[in-house]
Amino acid sequence: MMENIIQRGGAKLVIGLGISGFSAVCYLKQQSYSVRVFDTRLQPPKLADFEKQFPDIPLQLQQLQEDFLVDVDEVILSPGLSLHDPNLRKIHDRDIPIIGDIELFCRHHSASRIAITGSNGKSTVTEWIGYVLRNTGHRVAVLGNIGVPVLEWLCNPTDVDWVVLELSSFQLETTDSLQAKIAVLLNVTEDHLDRYPTMQDYWRAKQRVFLQAELGIVCREDPLTRPLLHSPAESLSFGLGPADMQDWGVLKRAQGDFFARGIVPLVPVDSLKLQGRHNQLNALAVMATVAAAGIAIEKALPEIVNFSGLKHRCQPIAKLDDILWIDDSKGTNVGATQAALRGLARPGQHHVIWIAGGVGKGADFSPLGLVAADRVKVALLIGEDREEIAHVMSKHNVPFLYCDSMKEAVLKAHFLATFGDTVLLSPACASFDMFKDYKHRGESFAHEIKALKQLFITQHA
């Protein structure tokens, strides 16, 4: 039986057959578009599912042929592939529009959107906002760069009051119709310079979160978060010092530090379950966002302070002989690791044994030198770019050792740690030289700690 593929306009070419690309194929077919698929890889991750579910959809692998572009009126590009990839030259030459899955979602779904981006903390803040909204009686979908792909959800949507989107710079650069009710830019630190020609290009991509936004929420402590390119209708700010009347900050009182809106103290800073200066900033971003979404702050605060965080993001794993083991495997860039080190130790207290390294993505590791010199007892370095981190450590007289596996790093940390120390996995790098992804890296860390714990119990039995 011939399938009905009578479409509006020309064919849609989906590039990239990973999770987001496969969800784009499913959605476009559901909407009766003519679809073609291309991937630069010979064995893309979703190839078997694609061939089973869509045997009649044309597919090309590795090399994009000119005839495959005939009648294509739009390309849906997976975020894993750069707009500057040589495989896209034929598309650029034909002036075929290139969009991403977020753009397609925004065109076809009209629910109120909260968009969150930043170099660090965006997953935590996205989940945190979703948690508070759900627990205060709102219907919420948390989508985007975290959890369920937007188009997979759109194939079977539910009624929601808010869609909360975590957005990477890769997703933002192919999105023109975001139009968020609330757009949050947490921070901008050096990242993905293996993909962007300059830091300014990366910053410009992050600034796209403010495209036609009604309200922008920015960090006073990071000038790069200010909406300079795409100014929203209104803006609010958050930071760890005193704030103007409608902004969010911290007030010092005789009883301690308090989160505050303007001059009104709200709740003690030390009431948060999540530790560290970076999580105090994240909490303020959440307060600003949920209040802007119409939730009375008095109702939201119990949920905000009760949030216990995400796996692999400064997550305590174990405490053995008063030595704390923390998994920050999601710390995949320099800024994230700086925040983790600063949040877990004060300057001059060299109580951190730090496991770091992996694929550096062209990053400059030099900012880690001073923060490590003030806090790190020894750095245990793994992965492809460990020598680059070692070079920075040696310039700042931070002791370091090379390790060839996570098991070796955990065992060395165990032997080097003393009473009151913290062992921190915060790689400042991507994971794909040694692991499937940052989750696999964190799970490997936890597995080795579990084995160590069993040995510890046996020795003390």
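Residues numbered from 1 in each chain as written. Predicted model: local features only at pLDDT ≥ 70, side-chain atom pairs only at ≥ 80, totals over all residues. Heavy atoms only, no water.

## Overview of helix 11 (residues 334-344)
- Across the 11 residues of helix 11, eight count as buried, placing the element largely inside the fold.
- Residues V334, G335, A336, T337, Q338, A339, A340 and L341 constitute the buried set of helix 11.
- Residues of helix 11 that are buried sit in contact with helix 9 (277-292), strand 17 (352-356), helix 12 (368-375), strand 18 (376-381) and strand 20 (422-425).
- The residue sitting at the N-terminus of helix 11 and contributing the capping side-chain oxygen is N333; that oxygen lies 3.2 Å from the backbone nitrogen of G335. (Buried < 20%, exposed > 50% of the residue type's maximum accessible area, 1.4 Å probe, protein only. Helix = DSSP H or I, 4+ residues; strand = E, 2+ residues; numbered from the N terminus. Contact = heavy atoms within 4.5 Å. Polar contact = N/O pair within 3.5 Å; in protein donor to acceptor, adjacent residues only side chain to side chain.)

## Some words on the packing of helix 11 against helix 12
- Orientation of helix 11 relative to helix 12, taken along the N-to-C sense of each, is 20 degrees, at an axis distance of 10 Å. With respect to helix 12, the element helix 11 is oriented roughly parallel. Between helix 11 and helix 12 lies a crossing of left-handed hand. Of helix 12, the residues touching helix 11 (which contributes V334, T337, Q338, L341 and R342) are L368, V371 and R375. (Axes fitted to C-alpha atoms, helices over the stretch in contact; angles between N-to-C directions. Parallel < 35°, antiparallel > 145°, perpendicular 65-115°, else oblique. Left-handed = near helix turned anticlockwise from the far one by under 90°.)

## What about unusual backbone geometry?
- The phi dihedral of Q179 is positive, around 45 degrees, even though this residue is not glycine.
- Considering the arrangement of structural elements, one finds Q179 in the loop between helix 7 (169-172) and strand 9 (182-185).
- For Q179, a relative accessible area of 43% translates into the label partly exposed.

## A look at the sheet that holds strand 4 (residues 72-77)
- The strand order across the open sheet built from five strands is 3-2-1-4-5, with neighbouring strands paired in parallel fashion. On the outer flanks of this sheet lie strand 3 (59-61) and strand 5 (98-99), each paired with one strand and no other.
- Of the strand pairs in this sheet, strand 2 (residues 35-39) and strand 3 are connected by three bridges, and their pairing is parallel. The partner of V37 across the bridge, within strand 3, is L59. (Pairing = 2+ DSSP bridges.)

## Describing the pattern of salt bridges
- Scanning all chains against the criterion turns up 18 salt bridges.
- Between K46 and D49 there is a salt bridge, and its shortest N-O distance comes to 2.8 Å.
- Looking at D49, the relative accessible area reads 34%, which means it is partly exposed.
- With its nearest N and O atoms 2.8 Å apart, the salt bridge here joins E408 to K412. (Salt bridge = Lys/Arg side-chain N within 4 Å of Asp/Glu carboxyl O.)

In short, geometric facts, not functional conclusions.
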